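Structural overview
This is what each chain is made of:
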Amino acid sequence: FLRYVTIDTQSSGESKAVPTTPGQLVLLDLLVDELKALGLADARRLEMPCVVATIPATSKKQVPVVGLLAHVDTSPEASGAGVKPIVHRQWAGGDIVLPDDPSVVLRASESAALRAQIGNDLVTASGTTLLGADDKAGVAEIMAAAEYLVKHPEIAHGPIRIGFTTDEEIGHGAETFDVKTFGAYCAYTLDGDDLGKLDHETFSADSMSLTFQGFVTHPGTAKDRMVNSIKVAADFIHRLPRDRSPETTQEREGFVHPLDVEAEVDRTTVRFIIRDFETARLLEMEAMLERLARETVAAWPGSSVTVRVKEGYRNFREVLDQHPAIVENGREAIRRAGLTPIAGAIRGGTDGSRLSFMGLPTPNLFTGGHNYHSRTEYVSVQDMEKAVEVIVQLARVWEERA
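Residues numbered from 1 in each chain as written. Predicted model: local features only at pLDDT ≥ 70, side-chain atom pairs only at ≥ 80, totals over all residues. Heavy atoms only, no water.

1. Quick notes on the overall build of the protein
What the protein contains, in helices and strands, is ten helices and 18 strands. In terms of overall dimensions, the protein is globule-like: its C-alpha atoms have a radius of gyration of 24 Å, near the 21 Å expected for 402 residues. For the protein, the C-alpha atoms occupy an extent of roughly 85 × 50 × 35 Å along the three principal directions. Looking at the protein as a whole, 53% of its 402 residues qualify as buried. Relative to all contacts within the protein whose residues are 6 or more apart in sequence, the contacts with residues 24 or more apart total 79%. (Helix = DSSP H or I, 4+ residues; strand = E, 2+ residues; numbered from the N terminus. Rg over C-alpha atoms; globule rule 2.2 N^0.38 Å. Buried < 20%, exposed > 50% of the residue type's maximum accessible area, 1.4 Å probe, protein only. Contact = heavy atoms within 4.5 Å.)

What follows is the structure, given as structure tokens:
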């Protein structure tokens, strides 16, 4: 893990390359070399691009092929260049001041999740970058579990497929993933957070753009002629309900989030992301935004609005509910690792959201990381070790129940 995070794999929403940044290929190629060194002869980087490999079965039973997935890219929301990981051994609970920017402080008094780590070994970055536990912790845990299973052939398990993907943080991770080539019955992403958590729900997600058309003319002769689309859009934004925003919602509450405004007098576009655990409510919020937009232009004679909606991903619970054994086997593996399973609902998405609807049911397991996408990101070494143990137990459970 400490080696992986020093490779800059930050993805870019502006790049048209595949993957969007070259550092992702650097890490993929390193992982191919390490997988081959473990004895996984079929390890290779596909054109998609992603890395795939197989841990051969040790059982004589016909066991379903189970996949393990993690993404190598890190979020564009904080720098991933020049990451300097710091290991805080047996953390005693005091403030963790990150040396390269002392204004970045992790305080136990502000976080119950952090307080739960007292006595554990924590890894942070140095204060000017994110750490990259999202999702290099998942990558490292899959690699450690693969090494353990290869070295312990006495553990009976079926064939296990490994996959490392790119550009998950900008929503492209599953776009080119070839489920048929991967060849698994189901998979588990290692991309969660809290110890013992198994996510079997995500938001459903769409994006929406509303373009307000005005009329531009010389401001010196604009009386009763000019229609300033910037003001129309501002009026529309002012009409948004305050209780449907990310900053005012939690748990299972959905939201509409104005993400970007591209403005000129003649034409202004407001772009939204829309999220809810229930797809029907997602559609209700889209209808609400369109209604507010129509009411706004009605109040500004001479203006008009064009509305476009793009489907993102859907709550993978809709698929996983049809395959209860996949989630239950994950929970049993967590129990066998000495933990209490926590049913998780991600206020966001993961590669598993799309993969599940592409024919590869894929719930999400914890990694032990916290504060993703920020300079206060950290991960617990002990929680990472538990994640590895869960993977090994998962292999056993699937073999026993085959």
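2. Looking at the packing of aromatic side chains
Taken as a whole and judged by the stated rule, the model has six aromatic pairs. Their ring planes at 45° and their centres at 5.2 Å tell us that F212 and F236 sit as a pair that is tilted. Here F212 is found in strand β11 (residues 204-213), whereas its partner F236 is found in helix α5 (residues 229-238), with 24 residues between them in sequence. On the accessibility criterion, F212 (0% relative accessible area) is buried. We classify F236 as buried; its relative accessible area is 0%. A ring pair is formed by F236 and F272, whose centres lie 5.9 Å apart and whose planes are at 75°; its orientation type is edge-to-face. Of this pair, F236 sits in helix α5 while F272 sits in strand β13 (residues 267-276), and the two are 36 residues apart along the sequence. Across the pair, F272 and F236 agree in class, each one buried. An aromatic cluster is defined as three or more aromatic residues linked by ring pairs; in this entry it consists of F203, F255 and F277. (Phe/Tyr/Trp six-rings, centres within 6.5 Å; stacked < 30°, edge-to-face > 60°.)

3. A word on the pattern of salt bridges
A complete count under the given rule lists 30 salt bridges for this structure. Note that E278 and R252 form a salt bridge whose closest N and O atoms lie 3.6 Å from each other. Remark: R252 occurs in the loop between α5 and β12 (255-263) and E278 occurs in the loop between β13 and α6 (279-298); sequence separation between them is 26 residues. Note on E278: relative accessible area 26%, which makes it partly exposed. The closest approach of N and O atoms between R314 and E311, which form a salt bridge, is 3.6 Å. (Salt bridge = Lys/Arg side-chain N within 4 Å of Asp/Glu carboxyl O.)

4. Quick notes on the nonpolar core
Membership of the largest hydrophobic core comes to 60 residues, with the highest contact counts inside it found for F1, L35 and F164. Of all the secondary-structure elements, those providing two or more residues to this core are α1 (22-37), β2 (50-55), β3 (66-71), α3 (133-151), β8 (160-165), β9 (186-190), α8 (324-336) and α10 (381-400). If near-sequence neighbours (up to four positions away) are discounted, F1 is found in contact with V123, L131, G132, A133, K136, A137, A140, V379 and M384. (Core = buried A, V, L, I, M, F, W, Y, C linked by side-chain atoms within 4.5 Å.)

5. Considering α3
Helical periodicity: at 3.6 residues per turn, an α-helix aligns residues three or four positions apart in one direction. Between its first and last C-alpha, α3 extends 26 Å over 19 residues, near the 27 Å set by a 1.5 Å rise per residue. α3 sits mainly inside the fold: 14 of its 19 residues count as buried. (Expected span 1.5 Å × (residues − 1).)

6. Describing the sheet that holds β13
Read across the open sheet, the four strands follow the order β12-β13-β11-β14; overall the sheet is antiparallel. A single partner strand is all that each edge strand has here, and the edge strands are β12 and β14 (304-313). Taken over all neighbouring pairs, the strand axes of this sheet differ in orientation by 20° on average, direction set aside. Pairing geometry for β11 and β14, over nine bridges, is antiparallel. The residue bridging D206 from the neighbouring strand is E311, located in β14. Taken strand by strand, α5 contacts β11, β12 and β13, and its axis lies near 20° from that of β13. In the packing of α6 onto the sheet, contacts are made with β11, β12, β13 and β14, and the angle to β11 comes to roughly 10°. (Pairing = 2+ DSSP bridges. Axes fitted to C-alpha atoms, helices over the stretch in contact; angles between N-to-C directions.)

7. As for the environment of E47
Looking at where E47 falls in the secondary structure, it is placed in the loop between β1 (44-46) and β2. When the C-alpha atoms of E47 and F177 are compared, they prove to be 9.8 Å apart, with 130 residues separating the residues in sequence.

8. Considering the side chain of S380
Along the chain, S380 falls in strand β18 (residues 378-380). Residue classification places S380 among the buried positions, given a relative accessible area of 0%. Within polar-contact distance, the side chain of S380 engages the side chain of Q117 at 3.0 Å. Setting aside chain neighbours within four positions, we find S380 in contact with Q117, N120, D121, L122 and G368. (Polar contact = N/O pair within 3.5 Å; in protein donor to acceptor, adjacent residues only side chain to side chain.)

9. Re the sheet that holds β2
Reading across the sheet, the eight strands line up as β1-β2-β8-β3-β9-β16-β10-β15 and stay open at both edges, with mixed pairing between neighbours. Each edge of the sheet is formed by a strand with only one pairing partner; in this case those strands are β1 and β15 (342-346). Running at roughly 145° to β3, α3 makes contact with β2, β3, β8 and β9 of the sheet.

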